[in-house]
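Residue-level listing of the chains:
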Amino acid sequence: MSTMTHHETVYPKRPWKATKADLIPVFALLVLAAVVDYAVVAVTPMKGKLAYALLFFVFGAGFQMVLKWKQLGRRAAIDSLAGSVAITGAALAFIPVISLLETAIVKGMKGLYPGFFIHDMSVANYQSPLNQGGVIQAIVGTLYLIALATLISLPLSLLTALYLTEIKGKASGFIQFLVQAMSGIPSVVAGIFIYSALLLTTSLRGSTIMAALALAILMIPTVTRTAQEVLLLVPADLREAGLALGATQWKTVATIVVPAARNGLITAVILGVARIAGETAPLLFTLGVSNKINFNPFFGGQSALPYYVWSGLADGTELGIDRAWSGILVLLMIVLALFVVARVFGTRKVKTK
Amino acid sequence: MADTGDDPRVSSTLIERPVPEKRKLTTKPRPSDVAFRTTLNIMSYSSLLILAAIGGFLAFRGFGAFKQNGIGFITNSPWSAIVGDNGKETDIFGMGAMIVGTLVISTIALLIGVPISVLTALFLTFYAPERIKKILVTVVDLMASFPSILYGLWGFIVLSPMATYWAKLIYKYLGWIPFLSVPQPAFDRSPFLAGIVLSIMIIPIVTSVSREIFGQTPLDRIQAAYALGATRWGMIRAVALPFGASGVVGGAMLGLGRALGETVAVYSVLNIVFKINWHVLYGYGGNIASMIVQKFGEASFNEKKALLAAGFVLFVMTLLVNMIANTVVSRAVKSGK
């Protein structure tokens, strides 16, 4: 027995946990599987990365199964196989992510030069050498679109979320259902809807505001649902305290609930922005064209990074596709930055102090 | 308290004390609250308004195409708008091939994407150590925020040659299966490739819904399974999978909703031809959303209206799938609590 002044932290023992000695044969067999894999590919007609990957799975999982069977019996062998399959499945999901990022960085770097961020495309076209022209008009256009779409969608989203969390009226279930249904609207449908409603039979042409309207439709469900989750996290005590002090519901919501959820609401907006920043399809119907910066939201076309990438891909030439990759790298950097900011704000969703 | 008349030190007859009036208690809301609640009540219907406007406008604009082509608009395959010598336009619009094509590539996407997603969700819930789990969950979320044109460009440049190679291998060994055969050896830009691209795009949503469901598996049942001597796989098979099955189905349907409406990524990799094609490895196919993008630029007024009608069909399809999926998922999530 230790004395009162001398504490020792006692950790629970985990006898089932694999020790280092247990892991040695596991790794040894993996190495063996790799060696056999290499040898088999070398001597049989099976060739290529696919053969390496497939055979490595067969040998790796097979050897582990045999090991478990020897050690613990048939059921352990099946358990080991299931574990191998789960790990392989997860690996299959993550390989594309690595490939996507790697390709975007490697191919995108080719066309990046300092001028890429300060020039527009009025001095170049998609066949120009890569050290001419740039995406400043597309960056400004994308930011402009984001700002306008947020301006349109935020009030609607926030008010709907407040209805669902603060009023909890009779229609709550129905509204919730509609918001979820809205999140499934294909982006192309949002684009052609704005086109059919506002552009098809009028003399209006594609402009920033039209594209922002289409993007706002896609943004509303994301912002509403995240905002709703965040508002639900605000403790009921805060609301009751406000009401008990004699504040009206409006005062309570405006001065207590919404400020308490501020960080989470910012996260909601950022997630909504990340949802629309890379959308291409709606822009094809609503944005018009511009190769220069255009600050007029109602007249003249606009440019945007996804549209720039799309044009490069549609151009089809080697230079056009190189430009598309550079454009996507810039777009990806913006989306990743938003993602990181959302994470930082999202870690402390509700400020209760 | 208010009554001080009996106090001996104060003579109520000498000093008239103002007695505060009793405060009226009322449950009548203040004007600010009335305004607040009315605003929220009205604004909450904005989603209904938007959905109705989308359906209404697309149906209204596309009505002519429905009327002119009848049921053939859904079942026929040719799509052409030819302007004759006399300046008169002869239109035949049928989106049968596109509907079949959309279903074919979405099915491929589900067949590949759902097993991978479920395995990933199982790995994240029951196998991965806490630290690795956190990183991988972030990566899955990140994957969801990649722009669809990135998937399209990547599919076109990086995946396309690989998928062509895989398609040739599959054809070589499994070509005797009817839908894996090809009329001619043309494997480029096939529904198979589009399906793989879509399968990667639906992984995040299917994985996160499945993971949420698996994460709610009741701990007592898990521990009961272990206490009865189940291995980890035994526990998953006997407890987690039956518990999560309906949630996984709902997640897969949400993935289907995404796959049905995907535009840019499919357009980038698929060779769009207006003929019904069941040979998934053969290099032509269709997809409603990318057909709209492909035809819209040069379409006449009439053809544009027909494309809006096609958009209406797509809207209804995705809306139905999503509504069913959301109902299934929310039931599964509720029953888990």
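### Describing the overall build of chain A
Within chain A, the secondary structure is distributed over 13 helices and zero strands. Listing the helices and strands of chain A from first to last along the sequence gives α-α-α-α-α-α-α-α-α-α-α-α-α. Rg of the C-alpha trace for chain A: 28 Å, well past the compact-globule value of 20 Å for 353 residues, more than 25% over. The principal-axis extent of the C-alpha atoms belonging to chain A is close to 80 × 70 × 45 Å. When the 353 residues of chain A are sorted by exposure, 52% land in the buried category. For chain A, restricting intrachain contacts to residue pairs at least 6 apart in sequence, the fraction spanning at least 24 positions comes to 69%. For chain A, the exposed area adds up to about 17500 Å²; of that, 69% sits on carbon and sulfur atoms.

### What to know about the overall build of chain B
The number of helices and strands found in chain B is 12 helices and two strands. In sequence order, the secondary structure elements of chain B are arranged as α-α-α-β-β-α-α-α-α-α-α-α-α-α. For 337 residues, the compact-globule estimate of 2.2 N^0.38 gives 20 Å, and chain B exceeds it by more than 25% at 30 Å. Structurally, chain B occupies a C-alpha span of about 115 × 75 × 30 Å along its principal axes. The buried share of chain B, reckoned over its 337 residues, is 50%. If you take every contact in chain B between residues at least 6 apart in sequence, the share linking residues at least 24 apart comes to 74%. Averaging the positions of the 29 positive and the 17 negative side-chain charges in chain B gives two centres separated by 8 Å.

### Observations concerning the packing of helix α2 (residues 48-72) of chain A against helix α3 (residues 74-110) of chain A
All names here are of chain A. The geometry of α2 relative to α3 is characterised by a closest axis approach of 7 Å and an angle of 155° between their N-to-C directions. Considering their axes alone, α2 and α3 lie roughly antiparallel with respect to each other. The crossing of α2 and α3 is right-handed. Listed contacts from α3 to Phe57, Ala61, Gln64, Met65, Lys68, Trp69 and Leu72 of α2 are Arg74, Ala76, Ala77, Ser80, Leu81, Ser84, Val85 and Thr88.

### Some remarks on the domain arrangement of chain A
All names here are of chain A. According to the domain assignment, chain A consists of domain 1 (20-109) and domain 2 (121-346). The distance between the C-alpha centroids of domain 1 and domain 2 comes to 41 Å. Taken together, the contacts link seven residues of domain 1 with five residues of domain 2. Ranking the residues of domain 1 by area buried against domain 2 places Ala104, Lys107 and Gly108 at the top, with a combined share of 67%. On the surface where domain 1 and domain 2 come into contact, there are zero salt bridges.

### Section: the pattern of salt bridges
Per the stated rule, a full pass over the model turns up four salt bridges over all chains. Residues A:Glu279 and A:Arg275 are paired through a salt bridge, measuring 2.8 Å at the closest nitrogen-oxygen approach. Measuring nitrogen to oxygen at the nearest pair gives 2.7 Å for the salt bridge that ties B:Asp141 to A:Arg343. Within this pair, whereas B:Asp141 is found in helix α5 (residues 130-144), its partner A:Arg343 is found in helix α13 (residues 318-346), the two belonging to separate chains.

### A closer look at the packing of aromatic side chains
What the rule picks out here adds up to 20 aromatic pairs over all chains. Taking 5.5 Å as the distance between ring centres and 40° as the angle between the ring planes, the aromatic pair formed by A:Tyr126 and A:Tyr308 counts as tilted. Remark: A:Tyr308 occurs in helix α12 (residues 305-315) and A:Tyr126 occurs in the loop between α3 and α4 (136-167); sequence separation between them is 182 residues. Side by side, A:Tyr126 and A:Tyr308 carry an identical accessibility label, which is buried. In textbook terms, an aromatic cluster arises when at least three aromatic residues are bridged by ring pairs, as seen for B:Phe66, B:Phe73, B:Trp79, B:Phe93, B:Phe274 and B:Phe312.

### Overview of the interface of chain A and chain B
With 78 residues of chain A in contact, the opposing surface of chain B contributes 78 residues. Buried area between chain A and chain B, summed over both chains or domains, comes out near 7100 Å², and the portion from carbon and sulfur atoms is 79%. The interface formed by chain A and chain B holds one salt bridge in total. Looking at which element gives the most residues to the side of chain A that touches chain B, the answer is α3(A), with 21 residues.

### Re the pairing of strand β2 (residues 89-93) of chain B
All names here are of chain B. Sheet topology note: the strand β1 (residues 79-83)/β2 ladder contains five bridges and is antiparallel. Residue pairing across strands places Ala81 opposite Asp91, the latter belonging to β2. If you look at the hairpin formed by β1 and β2, you'll find five residues sitting between the two strands, and Gly87 has a positive phi there, around 80°.

### Points about helix α6 (residues 187-199) of chain A
With 13 residues, α6(A) ought to run about 18 Å at 1.5 Å a step, and its terminal C-alpha atoms sit 17 Å apart, in line with that. Among the 13 residues that make up α6(A), 12 are buried, leaving the element largely enclosed by the rest of the structure.

### Re the confidence of the model for chain B
Residue and element names in this part refer to chain B. Of all residues in chain B, 95% have pLDDT values of 70 or greater, and the mean over the chain is 88. Highest mean pLDDT in chain B belongs to helix α4 (residues 96-127) (95); lowest belongs to β1 (81). Scored by ipTM, the complex comes to 0.87, with pTM at 0.88.

### Concerning the environment of B:Ile105
Residues and elements named next belong to chain B. Tracing the backbone through its elements, the reader meets Ile105 in helix α4. By relative accessible area, which is 1% here, Ile105 ends up buried. Expressed as a C-alpha distance, the spacing of Ile105 and Leu193, which sit 88 residues apart in the sequence, is 8.7 Å. Apart from residues no more than four positions distant in its own chain, Ile105 is found in contact with Pro191, Ala194, Gly195, Leu198, Val266, Gly286 and Asn287.

### Focus: a nonpolar patch on the surface
A cluster of nonpolar side chains, contributed by A:Leu23, A:Phe27, A:Leu30 and A:Phe56, occupies part of the molecular surface with about 340 Å² of accessible area. Tracing the backbone shows A:Leu30 in helix α1 (residues 20-43).

Cut-offs and rules
Residues numbered from 1 in each chain as written. Chains lettered and ligands numbered in written order. Predicted model: local features only at pLDDT ≥ 70, side-chain atom pairs only at ≥ 80, totals over all residues. Heavy atoms only, no water. Helix = DSSP H or I, 4+ residues; strand = E, 2+ residues; numbered from the N terminus. Rg over C-alpha atoms; globule rule 2.2 N^0.38 Å. Buried < 20%, exposed > 50% of the residue type's maximum accessible area, 1.4 Å probe, protein only. Contact = heavy atoms within 4.5 Å. Areas by Shrake-Rupley, 256 points an atom, 1.4 Å probe, with all protein chains shown as cover. Lys, Arg positive; Asp, Glu negative; His and termini not counted. Charge placed at Lys NZ, Arg CZ, Asp CG, Glu CD. Axes fitted to C-alpha atoms, helices over the stretch in contact; angles between N-to-C directions. Parallel < 35°, antiparallel > 145°, perpendicular 65-115°, else oblique. Left-handed = near helix turned anticlockwise from the far one by under 90°. Domains from an automatic or database assignment. Buried area = accessible area lost by both parts, 1.4 Å probe. Salt bridge = Lys/Arg side-chain N within 4 Å of Asp/Glu carboxyl O. Phe/Tyr/Trp six-rings, centres within 6.5 Å; stacked < 30°, edge-to-face > 60°. Pairing = 2+ DSSP bridges. Expected span 1.5 Å × (residues − 1). pLDDT = per-residue confidence, 0-100. Patch = residues over 30% accessible without salt bridge, like charges linked within 9 Å, V, L, I, M, F, W, Y side chains within 5 Å.

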